[in-house]
Amino acid sequence: MGVAPRPIVPPTEDVSRLREHVLRVLNDHHFAFGDGRRFGMKADGSTDNTNAFQSALDEAAGIAPVLIYPGASYYKLVGRVTAPANTMIVLIGGAELRWTATTANGSNFLGAATRPGIEVTGDKFTLTGQGKLTGPSAASYVANEVAIFSKGTSSLVRRTQFWIEGEVEIHNWGYGGVLGQFLDDTDVSGALVHDCGYLGIMFLSSGHGSVQRCHVHTITPGTDGNAYGISLTHDSTDYDLDDHVDGTIDTNGRLAVNPFCNDWDISANVVHDVVLWTGIDAHGGYELTVHDNAVYNCRHGILLGGGSGDAANYGGEAKCVRDNFITTRKRDGTATGVTATDRYGIIVNGGTTVRSRDCHVLANVVEGYGDAVVSSYPIEATFVDAAQIRGNVIRDWRGKAIYTAQGNGIIADNIIEGVNSATNSACVMLDTGSTVWNVHDNKHKPRTGTAAAEGLRVTAGVSAQNVHDNDFSAATTPYAGDRTLMGGLSLAGTYTNANRPAANTFPAGSMIWNSDDVAPNFSDGANWFDAAGGAT
């Protein structure tokens with residue numbers, strides 16, 4: 001009888017390596033190529049997935065989307081990951097990427113290192129699906145800690161195709177949710193961004209973009225008196241001394257090294273609870289359209305002003321604010337949480353060096369803004385050329401409902417309802433430097449609240465204005481200030497003999513409709529006359 005051959009037993013370490021190899025092969029076949037679990041990611045709330053997520057991003061870029069599936073808990077990360085060119089991340093079924101810590105090892109932003117969760121380092125980035133990017137800093141400010149950050153090389157070498165779509169929730173980041181500089185072809189749509197320390201969504205010196213159908217709220221505590229829901233801005237340092245990209249120093253801000261944003265659509269967003277500063281903001285800007293948004297309980301509603309800091313004297317061009325609803329009330333209708341006195345509803349200001357040109361404020365509802373100290377207004381347009389303020393409804397306001405200085409354009413077809421306090425109030429004020437405003441077909445209709453002290457006020461020393469077909473009859477003094485500058489005024493209101501104001505409160509040539517006489521009355525600046533010239 002022969003002896004059975006002795007089995008060959010490999011060394012223990014070889015068995016271990018073989019087991020690992022078999023498991024890896026089985027695992028690779030079990031999960032799709034871009035599935036984060038294929039690279040070792042675990043949604044157990046304790047495993048550090050930072051390196052595994054980075055491996056998934058690196059290997060799948062340009063080949064397949066990185067798929068993040070939900071698990072028993074969240075995917076824990078403890079530092080920055082980078083998304084190379086051609087990256088797509090898909091969050092599935094509410095999957096959560098949660099950073100429990102961040103480090104200041106991201107690219108510089110305004111002179112300091114960033115602390116990003118994801119830094120996008122190439123073109124063609126997409127984040128989509130349904131899930132969360134959760135930060136480590138609830139209800140606190142941490143400088144430059146952002147969920148997603150991307151920065152191009154310069155205004156001439158921009159990063160392109162930066163897209164966030166779907167139902168992505170971004171929250172608990174110490175600085176902000178989405179931050180980009182020097183980008184082109186950008187879209188953020190459908191995102192929920194909340195409980196961030198300084199900003200919800202912000203882009204600097206970026207063009208051809210949109211922020212649509214996003215819900216941004218509870219941006220607090222802010223810093224240096226500022227906090228922003230949605231913002232388009234730029235680095236203003238030394239802007240007034242800027243060597244432009246063509247080697248000159250001039251007033252064409254489009255050529256600046258750090259230019260204003262251009263060609264953006266901000267629409268159908270809901271922004272609320274930015275009580276420190278502004279719901280929707282743009283410092284400067286060209287071809288900006290902000291429309292069909294709802295803004296609640298923000299100190300300032302929509303500010304499309306000039307630049308700030310060293311760019312404070314420079315405006316933009318072709319900015320339009322239309323069909324928005326803006327109120328200081330909270331979203332549930334209760335009283336505002338804003339305690340500051342000065343509250344701007346909408347501004348479209350420019351600067352002393354470069355005015356804002358062709359800016360339109362159309363068909364907005366503005367509620368609860370302005371102040372009786374007259375340092376802020378429901379609608380303000382200063383240092384503007386060819387501005388249009390048309391078809392707006394202003395409610396529960398203070399101070400001057402529509403205020404302009406150093407500008408020209410059209411103020412027409414606005415309905416100015418009751419004022420919260422008559423102190424220092426006027427429906428429209430044309431202040432110092434106003435040139436050739438066409439003010440017509442505006443109506444003061446205090447359905448609720450108090451009648452304004454004044455209808456139209458024109459500051460002495462400004463250029464002659466074209467004023468006609470307004471109805472400020474409900475105001476205590478329909479026309480105030482220098483009435484000799486209100487050229488072309490006609491049909492200044494409808495009155496009875498009992499409530500007709502004194503003729504000297506109207507400019508010479510003014511006409512009212514006397515409902516008792518069923519005929520017009522005319523003022524020569526001192527007395528009333530009928531159409532035949534007889535005293536009445």
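Residues numbered from 1 in each chain as written. Predicted model: local features only at pLDDT ≥ 70, side-chain atom pairs only at ≥ 80, totals over all residues. Heavy atoms only, no water.

Let us now look at the overall build of the protein. Helix and strand counts for the protein stand at 2 helices and 43 strands. For the protein, the residues scored as buried account for 51% of the 536 residues in total. Counting only contacts in the protein whose residues sit at least 6 apart along the sequence, the fraction spanning at least 24 positions is 65%. Accessible surface, the protein as shown: approximately 20,600 Å² in total, 51% of it carbon and sulfur. (Helix = DSSP H or I, 4+ residues; strand = E, 2+ residues; numbered from the N terminus. Buried < 20%, exposed > 50% of the residue type's maximum accessible area, 1.4 Å probe, protein only. Contact = heavy atoms within 4.5 Å. Areas by Shrake-Rupley, 256 points an atom, 1.4 Å probe, with all protein chains shown as cover.)

Counted by the stated rule, this structure contains 1 cavity of 30 Å³ or more. By volume, the largest cavity is sized at about 30 Å³. Ile230, Leu232, Ile266, Ile280, Asp281, Ala282, Val290 and Leu304 are the residues that line the largest cavity. Listing elements by their share of the lining of the largest cavity, those giving two or more residues are β18 (228-233) and β20 (270-283). (1 Å grid on protein atoms, 1.4 Å probe; cavity = no way out; pocket = protein on both sides within 12 Å on 5 of 7 lines; lining within 4 Å. Points joined across faces, edges and corners; volume = space filled by probe spheres on them.)

Turning our eyes to something else, we now look at unusual backbone geometry. Here the residue pair Thr220 and Pro221 is connected by a cis peptide bond, since its omega of 10° sits within 30 degrees of zero. The phi dihedral of Asp358 falls on the positive side, at around 55°, and the residue is not glycine. Mapped onto the fold, Asp358 is located in the loop between β26 (356-357) and β27 (360-362). Exposure remark for Asp358: the relative accessible area of 37% places this residue in the partly exposed category. One non-glycine residue with positive phi stands out, namely Ala363, at about 55°. Mapped onto the elements, Ala363 comes out in the loop between β27 and β28 (365-367).

With that settled, the discussion passes to the pattern of salt bridges. Tallied over the entire structure, the rule returns 17 salt bridges. In this structure, Glu287 engages Arg254 in a salt bridge whose closest nitrogen and oxygen atoms are separated by 2.8 Å. With Glu287 in strand β21 (residues 286-291) and Arg254 in the loop between β18 and β19 (262-267), this pair connects stretches of sequence that are 33 residues apart. On the accessibility criterion, Arg254 (37% relative accessible area) is partly exposed. One continuous salt-bridge network, built from bridges that share partners, spans Arg329, Glu367, Arg395, Glu417 and Arg447. (Salt bridge = Lys/Arg side-chain N within 4 Å of Asp/Glu carboxyl O.)

This part covers the environment of Gly449. Mapping Gly449 onto the fold places it in the loop between β35 (443-444) and β36 (454-458). In this structure, the C-alpha to C-alpha distance between Gly449 and Arg395, residues 54 residues apart in sequence, is 8.7 Å. Not counting residues within four places of it along the chain, the set of residues in contact with Gly449 comprises Gly418 and Val419.

Relative to the assigned elements, Thr114 resides in the loop between β6 (112-113) and β7 (115-120). A polar contact is formed between the side chain of Thr114 and the backbone oxygen of Ser107, at a distance of 2.7 Å. Those residues in contact with Thr114, other than ones at most four positions away along the chain, are Thr103, Ala104, Asn105, Gly106, Ser107, Phe109, Glu119, Asn144 and Phe149. (Polar contact = N/O pair within 3.5 Å; in protein donor to acceptor, adjacent residues only side chain to side chain.)

What follows concerns the packing of aromatic side chains. This model, assessed by the stated rule, comprises 18 aromatic pairs. Ring geometry for Tyr198 and Tyr228: centres 5.7 Å apart, planes at 85°, overall edge-to-face. Highlighted residues: Tyr198 in the loop between β14 (192-196) and β15 (199-204) and Tyr228 in strand β18, separated in sequence by 30 residues. Each member of the pair Tyr198 and Tyr228 is classed as buried. Judged by centre distance (5.5 Å) and plane angle (15°), the rings of Tyr239 and Phe260 are stacked. Within this pair, whereas Tyr239 is found in the loop between β18 and β19, its partner Phe260 is found in the loop between β18 and β19, the two being separated by 21 residues in sequence. Both residues of the pair, Tyr239 and Phe260, count as buried. Every member of this aromatic cluster is reached through a ring pair, and the members are Phe109, Tyr141, Phe149, Tyr175, Tyr198 and Tyr228. The ring of Tyr74 is capped by Arg98, whose NZ or CZ atom sits 3.8 Å from the centre of that ring. (Phe/Tyr/Trp six-rings, centres within 6.5 Å; stacked < 30°, edge-to-face > 60°. Lys NZ or Arg CZ within 6 Å of the ring centre and 35° of its normal.)

Ranked by internal contacts, the top residues of the largest apolar core, which has 96 residues, are Phe53, Ile68, Leu97, Leu133, Ile148 and Phe203. Filtering out sequence-adjacent residues up to four positions away, Leu133 remains in contact with Leu91, Leu97, Trp99, Ile118, Leu127, Ala147, Ile148, Val168, Glu169, Ile170, His171 and Trp173. Formed by 10 residues, the second largest nonpolar core is a distinct cluster that contains Phe149, Tyr198, Met202 and Leu204. (Core = buried A, V, L, I, M, F, W, Y, C linked by side-chain atoms within 4.5 Å.)

Pairing between β21 and strand β23 (residues 317-322): 5 bridges, direction parallel. By the bridge assignment, His291 is partnered in β23 with Arg322. Summarising the sheet, β23 and β27 pair through 3 bridges and their orientation is parallel. Bridge pairing in β27 places Arg322 opposite Leu362. (Pairing = 2+ DSSP bridges.)

For the rest of this paragraph, the subject is the sheet that holds strand β40 (residues 494-495). The mixed open sheet is built from 4 strands, whose spatial order is β40-β41-β42-β43. Whereas interior strands pair on both sides, the edge strands pair on one side only; in this sheet they are β40 and β43 (528-529). Sheet analysis places strand β41 (residues 511-514) next to strand β42 (residues 519-523), joined by 4 bridges and oriented antiparallel. Considered in β42, the bridge of Ile512 is made with Asn521.

Of the two faces of β41, only one is covered, namely that formed by Ile512 and Asn514; the face formed by Met511 and Trp513 stays uncovered. Here β40 pairs with β41 via 2 bridges, running parallel. Counterpart to Thr494 in the pairing with β41 is Trp513. A loop of 4 residues connects β41 with β42, the two strands running antiparallel in sequence, and Val518 in this loop sits at a positive phi of about 50°.

Nothing here speaks to function; it is all geometry.
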